[in-house]
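Chain by chain, the residues run as shown.
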Amino acid sequence: MNTHTPGPWKHYDDSENSVHRHEIVALGKTVARIYCTNGAQIEDAANARLIAAAPDLLEALQEILEQPNYTWDKEKILQEVKRIAGSAIAKATGEQP
């Protein structure tokens, strides 16, 4: 049963002075908040991106499992699987696909 808040989840960096705050929002409500005051801003931002990408990563894995297993078209399926996974990984890491 899939009961999480549906995506997309958006990551907002709402940092002020020495307090670093990241908020994950979906459907107009906060899904998660990350606060940090210990100087780990880069790590915290990466964690927030990963959390925000959770629905995309789940969807990518579900799509990969749903790909047909036709022996005559394995190259096309592999390309599609790589595209789906690459897009989800790019969101999770903050990079371009």
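Residues numbered from 1 in each chain as written. Predicted model: local features only at pLDDT ≥ 70, side-chain atom pairs only at ≥ 80, totals over all residues. Heavy atoms only, no water.

> How should the sheet that holds strand 2 (residues 20-26) be read in this particular structure?
Strand pairs in the sheet, formed through backbone hydrogen bonds, run parallel or antiparallel to each other. With respect to topology, three strands assemble into an open sheet ordered 1-2-3, the strand pairing being antiparallel. Single-partner strands in this sheet number two, and they are strand 1 (10-13) and strand 3 (29-36). Direction aside, neighbouring strands of the sheet carry axes that sit 20° apart on average. In terms of strand pairing, strand 1 meets strand 2 through four bridges, oriented antiparallel. Note that in strand 2 the partner of Lys-10 across the bridge is Val-25. (Pairing = 2+ DSSP bridges. Helix = DSSP H or I, 4+ residues; strand = E, 2+ residues; numbered from the N terminus. Axes fitted to C-alpha atoms, helices over the stretch in contact; angles between N-to-C directions.)

> Help me out: how do you make sense of the nonpolar core in this one?
A general tendency of soluble globular proteins is for nonpolar side chains to be buried together. Counting residues in hydrophobic clusters, the biggest one holds seven residues: Trp-9, Ile-24, Ala-26, Ala-32, Ile-34, Ala-48 and Ala-52. Secondary structure elements with two or more residues in this core: strand 2, strand 3 and helix 1 (41-52). Setting aside residues up to four positions removed in sequence, Ile-24 forms contacts with Trp-9, Lys-10, His-11, Lys-29, Thr-30, Val-31, Ala-32, Ala-48, Ile-51 and Ala-52. (Core = buried A, V, L, I, M, F, W, Y, C linked by side-chain atoms within 4.5 Å. Buried < 20%, exposed > 50% of the residue type's maximum accessible area, 1.4 Å probe, protein only. Contact = heavy atoms within 4.5 Å.)

> What exactly am I supposed to notice about unusual backbone geometry here?
Negative phi values dominate among residues other than glycine, just as trans dominates among peptide bonds. For the peptide bond that leads from Gly-7 to Pro-8, omega is 5°, which places it in the cis range. Counting through the fold element by element, Pro-8 comes out in the segment before strand 1. Although it is not a glycine, Leu-27 sits at a positive phi angle of roughly 55°. In this structure, Leu-27 sits in the loop between strand 2 and strand 3.

> Just checking my understanding: could you explain the side chain of His-22 for this structure?
Along the polypeptide, His-22 turns up in strand 2. There is a polar contact of 2.9 Å between the side chain of His-22 and the side chain of His-11. The contact partners of His-22, leaving out residues within four places of it in the chain, are His-11, Tyr-12, Asp-13, Ala-32, Arg-33, Ile-34, Gln-41, Asp-44, Ala-45 and Ala-48. (Polar contact = N/O pair within 3.5 Å; in protein donor to acceptor, adjacent residues only side chain to side chain.)

> Could you clarify how one ought to interpret the environment of Gln-41 in this entry?
With respect to the element layout, Gln-41 can be found in helix 1. Residue class for Gln-41 comes out partly exposed when judged on its relative accessible area of 32%. In this structure, the C-alpha to C-alpha distance between Gln-41 and His-20, residues 21 residues apart in sequence, is 6.6 Å. Those residues in contact with Gln-41, other than ones at most four positions away along the chain, are His-20 and His-22.

> How should helix 1 be read in this particular structure?
Structurally, the α-helix is built with 3.6 residues per turn, so residues lying three or four positions apart point the same way. In a regular helix each residue adds 1.5 Å, so twelve residues correspond to 16 Å; helix 1 covers 16 Å between its end C-alpha atoms and thus fits that length. Looking at helix 1, one finds that the buried residues are Asp-44, Ala-45, Ala-48 and Ala-52. End-on, the buried residues of helix 1 take up no more than an arc of 100°, which puts them together on one face. Opposite its buried face, helix 1 presents the exposed residues Ile-42 and Glu-43, each directed more than 90 degrees away. (Expected span 1.5 Å × (residues − 1). Arc of directions from axis to C-beta.)

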